[in-house]
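Per-entry structural report
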Amino acid sequence: MLWLVLTTGKCNLTCDYCGGSFPKEIVPWGVKYDINKLKVNIERDPNATVIFYGGEPLMNPKFIIQVMDNVRAKRWGIQTNGIAVRLLPEIYWRRMNVALLSIDGREEVTDKHRGKGVYKIVVKHASYLKKLGVETIARMAVTQDADIYEEVMHLLSLGVFDKVHWQLNVIWSERWDFERWAYSSYLPGIRRLVDYFMSEMRRGKIVKIVPFLGVISAHFFKRYRGVACGAGYDSVSISTDGRVLSCPIAVREKWAELGTLDSFKLLEEPLPKECRNCEFKDYCGGRCLYTIHERYWGEEGFKVVDDVTKEYLRIVLSRVDEIKELIKEGVIRLEDLRYDPTEDSTEVIP
Ligand code: SF4
Ligand code: SF4
């Protein structure tokens with residue numbers, strides 16, 4: 001199971017997607033529970049992946065050190081904005097299996113939303129971590145400024161990221177003209193990107209584009225029982241006050257509370273009811289529990305995003321027959337398409 005462990009509500013950036021730190025009274029800036037409670041829960045899970053989360057998790061490196069020194073887990077990782085990487089000593093970085101670094105694509109696109117100079121620092125730190133043997137994942141937020149094909153190809157071309165993943169800046173932010181952008185720019189860009197992904201596959205190379213891999217893997221291996229990120233059934237988030245949440249950004253929402261480190265209960269039926277008759281449910285699992293519950297863009301906004309999700313899935317799944325042929329011909333191995341998003345803390349469906 002995936003354990004997203006919040007180390008603080010504090011953040012050292014004020015990106016325009018989320019605005020920065022959580023208020024201290026909602027997510028305390030220091031950890032308020034006894035670390036032994038965390039240890040007991042995580043060590044009961046033989047398959048535990050622990051990912052440090054925030055706020056910005058590196059604003060509390062002492063707690064990361066304390067957890068890594070005292071808790072046994074199968075896999076370690078972090079979701080970071082990539083600025084304060086040097087605050088954690090190298091010996092701890094060498095023990096991390098994966099680091100997800102926030103970067104949106106080309107320099108001007110990243111710096112516009114995250115702050116001047118951010119792109120250069122993140123790329124430098126991704127290179128540093130990769131050299132230490134940490135798997136690096138570029139974690140993009142995608143807005144109307146992005147040309148998805150250009151941004152992803154740019155990040156792949158840098159050679160410092162092992163995988164690329166993105167999420168659309170929809171529903172959790174102010175309403176924008178998503179529909180026009182999605183049909184004129186995003187979906188055409190996805191078709192080009194899938195063409196590139198397939199051309200590399202025909203040469204025997206699987207490019208690690210997570211939103212493609214996660215859908216293809218669901219087809220060949222394990223279909224999703226709920227949202228692909230695992231929220232509430234394969235993944236829990238531990239807030240700094242000891243509350244156990246289904247989703248790490250739902251820190252204020254009652255529906256997300258599963259209990260506390262003393263006792264909590266996973267969701268029995270993780271697939272949202274809206275999705276039970278959807279032809280894509282096995283590949284999508286409901287996309288995002290947070291947006292299904294919150295609906296900041298209303299019913300109409302939800303439907304617009306959902307139509308784009310469905311078209312996205314049609315584009316990716318339209319290549320399955322070709323992939324089967326490549327496996328049959330021995331160009332690629334089926335096993336190399338296996339991808340478990342809860343090992344990386346990715347969400348798969350943009
Ligand atoms: S495509 Fe939409 S309706 Fe279907 S499973 Fe995903 S979120 Fe649910
Ligand atoms: S995809 Fe949605 S439900 Fe899953 S972790 Fe992200 S915000 Fe939460």
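Looking at an unreviewed UniProt entry, one finds the chain named TIGR04084 family radical SAM/SPASM domain-containing protein and attributed to Stygiolobus azoricus. Regarding the chain, the UniProt comment filed under Cofactor (unreviewed entry) reads as follows: "[4Fe-4S] cluster".

Description of the site of ligand 2
In the neighbourhood of ligand 2, the contacting residues comprise Gln167, Cys229, Ala231, Cys247, Pro248, Ile249, Cys288, Leu289, Tyr290 and Glu347. Residue classes in the shell around ligand 2 are distributed as 8 nonpolar, 1 polar and 1 charged.

Let's talk about the packing of helix H4 (residues 107-114) against helix H5 (residues 118-131)
Running from N to C, H4 and H5 point in directions that differ by 110°, and their axes come no closer than 8 Å. One element, H4, and the other, H5, form an angle in the roughly perpendicular class. Counted together, Glu107, Thr110, Asp111 and Arg114 of H4 and Val118, Tyr119 and Lys120 of H5 form the full contact between these two elements. A breakdown of the residues in the contact of H4 with H5 according to their chemical character gives 2 nonpolar, 1 polar and 4 charged.

Thoughts on the packing of aromatic side chains
Applying the stated criterion across every chain yields a total of 14 aromatic pairs. Where Trp181 meets Tyr186, the ring centres are 5.1 Å apart and the plane angle is 20°; that geometry is what we call stacked. Judged by relative accessible area, which is 7%, Trp181 ranks as buried. Judged by its relative accessible area of 1%, Tyr186 falls in the buried class.

Let's talk about the site of ligand 1
Near ligand 1 the following residues occur: Cys275, Cys278, Lys281, Cys284, Gly286, Arg287, Asp306 and Lys310. Elements with a minimum of two residues in the shell around ligand 1: helix H9 (281-284) and helix H11 (298-317). Looking at the shell around ligand 1 residue by residue, the class counts come to 3 nonpolar, 1 polar and 4 charged.

Details of the environment of Thr342
Structurally, Thr342 can be placed in helix H13 (residues 341-344). Under the relative-accessibility criterion, Thr342 is labelled buried at 10%. Placed 29 residues apart in sequence, Thr342 and Leu313 show a C-alpha to C-alpha distance of 20 Å. Excluding residues that lie within four positions of it along the chain, Thr342 makes contacts with Leu2, Thr49, Ala228, Cys229, Gly230 and Asp234. At 2.7 Å, the side chain of Thr342 forms a polar contact with the side chain of Asp340.

A word on the sheet that holds strand E8 (residues 243-245)
Sheets are built from strands that pair by backbone hydrogen bonding, the pairs being arranged parallel or antiparallel. The strand order across the open sheet built from 10 strands is E6-E5-E4-E3-E2-E1-E7-E8-E9-E10, with neighbouring strands paired in mixed fashion. Each edge of the open sheet carries a strand with a single partner, namely strand E6 (163-168) and strand E10 (263-264). Across 2 bridges, strand E9 (residues 257-260) lies against E10 in antiparallel orientation. Bridge assignment links Gly259 to a residue of E10, and that residue is Phe264. Helix-sheet contacts for H5 involve strand E4 (98-102) and strand E5 (135-142), and the interaxial angle to E4 is about 175°.

The rules behind these values
- Residues numbered from 1 in each chain as written.
- Chains lettered and ligands numbered in written order.
- Predicted model: local features only at pLDDT ≥ 70, side-chain atom pairs only at ≥ 80, totals over all residues.
- Heavy atoms only, no water.
- UniProt positions renumbered as here; feature names shortened; annotations may be inferred.
- Near = heavy atom within 4 Å.
- Nonpolar A, V, L, I, M, F, W, Y, C, P; charged D, E, K, R; others polar.
- Axes fitted to C-alpha atoms, helices over the stretch in contact; angles between N-to-C directions.
- Helix = DSSP H or I, 4+ residues; strand = E, 2+ residues; numbered from the N terminus.
- Parallel < 35°, antiparallel > 145°, perpendicular 65-115°, else oblique.
- Contact = heavy atoms within 4.5 Å.
- Phe/Tyr/Trp six-rings, centres within 6.5 Å; stacked < 30°, edge-to-face > 60°.
- Buried < 20%, exposed > 50% of the residue type's maximum accessible area, 1.4 Å probe, protein only.
- Polar contact = N/O pair within 3.5 Å; in protein donor to acceptor, adjacent residues only side chain to side chain.
- Pairing = 2+ DSSP bridges.

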